[in-house]
Amino acid sequence: MLRNLSNCSLKIVFFRQIRKPSQTLGCRYFGLFSDDILGLEGYKRQRMITRERVHSRRDDFFHRMESYMASGDNCTIFTDDLKTVASLAETDSELDTAVKMIKKYAVQKSLHFGTFQFGPIVMRMFHHLKKPRQALDAFNDSEIVDFYDQMSTYLILMDLLYEHKLYDDVIKVYEEISERLSQSIRFPRDCSTLALAACYKQNTPESYEKAVDIIRTTTNKKADVPVRGRVFGALLCLQHNHANEAFEILATANEDRFIAALNVKAIAYAALNRPDDAISMISRVLYEDLPEHVKSRRVIFPETLEKIESCVNSTDKSDLINKLNTVQDDLRKYALITQQKLHDFIEEPVNRMKNDKNSFKSRERSAVGYIQDSSSRGWGTRGGITDVE
C-alpha cells in the first residue's frame, strides 16, 4: 500500500458493480463466442422444427439410415437426409450414423448440384452435443478436408475445443487452418483471437512464445489480429515480464475505443516504471467527449489501479501520490471504477452488436468484422458469421 501522507490516502472504494455474464439470461458462457455469433441459436430452432416434422417417425428414420449405410458402398446419401440427421442426432449411436453419412456424402461430389455447405451445420451439431473429440476427428479426416473449409466451421470447432479447455488442440487447429490458408487471401481473424485466448489460459513460457509468434506471423502477412486477441497476447506478455512486447502488441489498438486495451496499456506503463504515463492513461476516461451513457461504460479495473499504485509507491514521490489520489477521486465520483476483474471482462462472450435496424451500421458483418463483448462495453462492432446455407 502507499504510504500515508497528508491528504494522500489511497483507497479503492465505491466501485461500480457491472453485471456478470452468469447473471444474464439466455446465453452460453463457456466458450468465447456466443450462440448467436456461432449460429447455434438458429441451429437449435432448426432442430425443433425437424423434430416436430419427423415426430413419431424419428426412430424409424434412423433405423432406415443405419440399414442403408450397412448395405454397402453403392448407397447414395441425399442432401435432405443428411440435413435431417444433422438436426436429429442425440445419442452416440445416432452420432456415429451421422458421421458415417457425412463422410459418404462428402466423397460423392459428382452428385451435388447445389451450393449448400454442410461444414458449419455439422460443427454446430458437434457443438450442441458437446462432442469436441468427435468434431476434431471429423475435421482431421484427410479424405474430406474440403468439407470443412469454411471460416465459420473453423470458428465453431475452435470455440467448442476452447469451451472444453482443450487449449493445446485449439492452438493445433489454428496452426492447421493457417497452413491450409497459407496461399489464400483469407485470414481467420476470429480464430486468431481464440488461439491467443488458449495461449493466455495456458499461461506457460511455451504458450507465451506461441502467442508472440502468432501475432508476429500475422503482422508479417499484413493481416490484422482483432483487439481482443491482442489484449490476450499483451496480458500474457505482462504475466511473463515482457512489458515492452505487451506495449508494442497493443500499439495499433485504439484505446479510445477499446477500454480493455486502455487498461492493459496502463498496466504496461506501470510495469515499465512510467507512473506518469500510467496515470495519464487511466485519466483519459474522465475527459473523453462522449455521451454520458457511453462514458459510463468506460471503466478502470482493480488490477490496473493496483499495478499503478504499486508503481507510484515505489517512487516515493508525494506529487505522484497526490496526482493518483485526485484521479481516483474523480473516477469514484463518476463511478468509473469497476469491481469486475479484467480477466473476467476479456473472457466474456463475443456477441452480436445490436444497432438501429435502419442504420448502415446495423447491417451484418462477415467473419472478418470487428468483435463486441456481451455487454457492449468497448470491443467495437461485430456482426454475425454468414454461411452459404
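Look above for the structure.
Keep in mind that what you see is a predicted model, and the values were worked out from it rather than measured. (Residues numbered from 1 in each chain as written. Predicted model: local features only at pLDDT ≥ 70, side-chain atom pairs only at ≥ 80, totals over all residues. Heavy atoms only, no water.)

Participant: It is not clear to me how the pattern of salt bridges should be interpreted in this structure. Could you clarify?
Facilitator: Where charged atoms from two side chains of opposite charge approach closely, those side chains can pair. According to the stated counting rule, one finds 19 salt bridges in the structure shown. With a shortest N-O distance of 3.2 Å, lysine 201 and glutamate 347 are connected by a salt bridge. One end of the pair, lysine 201, is in helix α10 (residues 189-202); the other, glutamate 347, is in the segment after α19 (342-346), and 146 residues separate them in sequence. On the accessibility criterion, lysine 201 (33% relative accessible area) is partly exposed. (Salt bridge = Lys/Arg side-chain N within 4 Å of Asp/Glu carboxyl O. Helix = DSSP H or I, 4+ residues; strand = E, 2+ residues; numbered from the N terminus. Buried < 20%, exposed > 50% of the residue type's maximum accessible area, 1.4 Å probe, protein only.)

Participant: Before we go on, may I ask you to explain the environment of glutamine 108 in this structure?
Facilitator: Within the secondary structure layout, glutamine 108 lies in the loop between α5 (92-106) and α6 (119-129). Since its relative accessible area comes to 9%, glutamine 108 is described here as buried. Along the chain, glutamine 108 and phenylalanine 78 lie 30 residues apart, while their C-alpha atoms are 9.6 Å from each other. Those residues in contact with glutamine 108, other than ones at most four positions away along the chain, are Cys75, Thr76 and Ile77. (Contact = heavy atoms within 4.5 Å.)

Participant: I tried to follow the environment of lysine 103 on my own but got confused; where do I start?
Facilitator: Within the secondary structure layout, lysine 103 lies in helix α5. For the pair lysine 103 and isoleucine 77, spaced 26 residues apart in sequence, the C-alpha to C-alpha distance is 9.6 Å. Sequence-distant contacts of lysine 103, defined by excluding residues within four places in its chain, comprise Asp141, Glu143 and Ile144.

Participant: What is the right way to look at the packing of aromatic side chains in this model?
Facilitator: Where two aromatic rings form a pair, the distance of their centres and the angle of their planes describe that pair. All chains considered together, the criterion is met by nine aromatic pairs. Aromatic pair tyrosine 200 and phenylalanine 232: ring centres 5.4 Å apart, planes at 50 degrees, arrangement tilted. Linking tyrosine 200 in helix α10 with phenylalanine 232 in helix α12 (residues 227-239), this pair joins segments that are 32 residues apart in sequence. An identical accessibility class is assigned to tyrosine 200 and phenylalanine 232; each is buried. Clustering of aromatic rings is evident, with ring pairs tying together Tyr105, Phe118, Phe147 and Tyr148. Its end group placed over the ring of phenylalanine 139, arginine 180 keeps NZ or CZ at 4.1 Å from the ring centre. (Phe/Tyr/Trp six-rings, centres within 6.5 Å; stacked < 30°, edge-to-face > 60°. Lys NZ or Arg CZ within 6 Å of the ring centre and 35° of its normal.)

Participant: Please clarify how the environment of valine 173 should be interpreted in this entry.
Facilitator: Locating valine 173 in the fold gives a position in helix α9 (residues 167-180). A sequence separation of 34 residues divides valine 173 from phenylalanine 139, and the C-alpha atoms of the two residues are 8.9 Å apart. If we skip the residues at most four places from it in the chain, valine 173 touches Leu136, Phe139, Leu157, Met158 and Leu161.

Participant: So what exactly am I meant to see when it comes to the packing of α9 against α10 here?
Facilitator: Each pair of packed helices can be summarised by the angle the axes make with each other and by the distance between the axes. Contact geometry of α9 with α10 gives a least axis separation of 9 Å together with a crossing angle of 145 degrees. Considering only the axes of α9 and α10, their crossing is left-handed. Along the contact surface, α9 presents Tyr167, Asp168, Val170, Ile171, Tyr174 and Ile177, while α10 presents Cys191, Ser192, Leu194, Ala195, Ala198, Cys199, Lys201 and Gln202. Class assignment of the residues belonging to the contact of α9 with α10 gives a composition of 10 nonpolar, two polar and two charged. (Axes fitted to C-alpha atoms, helices over the stretch in contact; angles between N-to-C directions. Left-handed = near helix turned anticlockwise from the far one by under 90°. Nonpolar A, V, L, I, M, F, W, Y, C, P; charged D, E, K, R; others polar.)

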